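A look at the structure
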Amino acid sequence: WAPTPPAAADTVAADTVAADLGAPGTAGLAADRAERQVHAAGVPSGATLGHDELPLADFDHLTLGSLRGRLRRLGLDDLVQLRDYERAHGNRLPIVTMLENRIAKLQTDAGTSDGPAG
């Protein structure tokens, strides 16, 4: 016996329930939804950008504390690009987590996390 993979609609519904309940990994799920939305709108992936093309100058060399203060100035597109870039290059867990949390916060503030997206 092999388990049947969930249908796409079931996966989206499960993501929405997890986000509503504040389950672990919720920020990651919100960031994944935002990534799909941003890329569907034609914004290039940060994974394909060069260091000089990033929304924050010298991103690779910023400390966690200095990056935290600069994130408030960035929009959803910029945050998603930085997350894509970080995951494709340094993949520093504290940085990825902070970016995902900020993306989730922006989505919550904008009211876009109330339903499935994508």
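First, a word on scope: everything that follows refers to the structure included in this document. Keep in mind the model is a prediction, meaning the values are calculated, not measured. (Residues numbered from 1 in each chain as written. Predicted model: local features only at pLDDT ≥ 70, side-chain atom pairs only at ≥ 80, totals over all residues. Heavy atoms only, no water.)

1. So, the overall build of the protein
The criterion, for reference: Here a strand is any run of E in DSSP of at least two residues, a helix any run of H or I of at least four, and the numbering for each starts at the N terminus. When a residue's accessible area, from a 1.4 Å probe over protein chains only, is under 20% of the maximum for its type it is buried; when over 50% it is exposed; and in between it is partly exposed. By definition, residues are in contact when any of their heavy atoms lie within 4.5 Å.
Summing up its helical and strand segments, the protein has five helices and zero strands in all. In the protein, the succession of helices and strands from N to C terminus is α-α-α-α-α. When the 118 residues of the protein are sorted by exposure, 35% land in the buried category. Contacts in the protein between residues at least 24 apart in sequence constitute 70% of all its contacts with a sequence separation of at least 6.

2. A word on helix α5 (residues 93-110)
The line we're drawing: For a helix, the expected span equals 1.5 Å multiplied by the number of residues minus one.
With 18 residues, α5 should reach 26 Å at 1.5 Å per residue; the first-to-last C-alpha distance of 26 Å fits that figure. By the burial criterion, the buried members of α5 are Ile95, Val96, Met98, Leu99, Glu100, Arg102, Ile103, Ala104 and Gln107. Looking at the packing, one finds that the buried side of α5 touches α2 (26-40), α3 (64-71) and α4 (76-88). A positive backbone phi angle near 80° is found at Gly111, which sits one or two residues after α5.

3. Overview of unusual backbone geometry
Residues apart from glycine generally show negative phi values, whereas peptide bonds are mostly found in trans. Phi at Asp58 is positive, roughly 60°, even though this residue is not glycine. Along the chain, Asp58 falls in the loop between α2 and α3. Judged by relative accessible area, which is 40%, Asp58 ranks as partly exposed.

4. Digging into the pattern of salt bridges
Stated formally: When a carboxyl oxygen of Asp or Glu lies within 4 Å of a side-chain nitrogen of Lys or Arg, that pair is called a salt bridge.
One pass over the structure, following the stated rule, counts six salt bridges. Arg92 is paired through a salt bridge with Glu86; the nearest N and O atoms lie 2.7 Å apart. Among the residues examined, Glu86 registers a relative accessible area of 1% and is labelled buried. Through salt bridges with shared partners, one network takes in Asp32, Glu35, Arg83, Arg87 and Glu100.

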